[in-house]
Amino acid sequence: MSPGSLVFIALIAAFCAWMFGFGKQRPAPAPEDDIHTPVDEGELEAAERELQADGSARPIGEAMAGEEGSDDDDWGPGSGRSSLPGII
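Every value quoted in this text rests on a predicted model; they were computed, and no experiment measured them. (Residues numbered from 1 in each chain as written. Predicted model: local features only at pLDDT ≥ 70, side-chain atom pairs only at ≥ 80, totals over all residues. Heavy atoms only, no water.)

Draft legend 1. Spatial organisation of the overall build of the protein. The helix and strand inventory of the protein stands at 3 helices and 0 strands. Overall, the protein shows an N-to-C arrangement of helices and strands of α-α-α. Approximately 8500 Å² of the protein is accessible, and the part contributed by carbon and sulfur atoms is 62%. (Helix = DSSP H or I, 4+ residues; strand = E, 2+ residues; numbered from the N terminus. Areas by Shrake-Rupley, 256 points an atom, 1.4 Å probe, with all protein chains shown as cover.)

Draft legend 2. Here's a closer look at the packing of aromatic side chains. One pass over the structure, following the stated rule, counts 1 aromatic pair. On the numbers, 6.0 Å between centres and 45° between planes, the contact of Phe15 with Trp18 is tilted. Placement of the pair is Phe15 and Trp18 together in helix H1 (residues 3-19), with a separation of 3 residues, close to one helical turn. Phe15 sits in the partly exposed class, given a relative accessible area of 45%. (Phe/Tyr/Trp six-rings, centres within 6.5 Å; stacked < 30°, edge-to-face > 60°. Buried < 20%, exposed > 50% of the residue type's maximum accessible area, 1.4 Å probe, protein only.)

Draft legend 3. Here's a closer look at the environment of Met1. Here Met1 is to be found in the segment before H1. On the basis of relative accessible area, Met1 is assigned to the exposed category, the value being 79%. Among all residues touching Met1, those that are not within four sequence positions of it are Leu6 and Ile9. (Contact = heavy atoms within 4.5 Å.)

Draft legend 4. Region of the structure containing a negative patch on the surface. Side chains of Asp40, Glu41, Glu43, Glu45 and Glu48 sit close together on the surface and give a patch of like negative charge. Inspection of the secondary structure assignment puts Glu43 in helix H2 (residues 41-53). Since its relative accessible area comes to 54%, Glu43 is described here as exposed. (Patch = residues over 30% accessible without salt bridge, like charges linked within 9 Å, V, L, I, M, F, W, Y side chains within 5 Å. Salt bridge = Lys/Arg side-chain N within 4 Å of Asp/Glu carboxyl O. Lys, Arg positive; Asp, Glu negative; His and termini not counted. Charge placed at Lys NZ, Arg CZ, Asp CG, Glu CD.)

Draft legend 5. Seen up close, a nonpolar patch on the surface. On the surface, Met1, Leu6, Phe8, Ile9 and Ile12 cluster together into a nonpolar patch covering about 560 Å² of accessible area. Note on placement: Ile9 falls in helix H1.

Here it is in structure tokens:
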């Protein structure tokens, strides 16, 4: 093998290592991804009791009904219609 071939192979190997992120540090996990911290059961039960005692608390479906034209905002999969012209 010629020295040029070895340099080329070394450059290809360095490029591949760079593309695959060899040696790159991983980002810190987001707080919502934390599965190791135990849940404070007492605080959770207190929050549930507070919601049950609150007479104005409603399920999310009822709370969002009629706000911001909920029928017009229904554009996702299964909505059965489209606001784009020419599309059912």
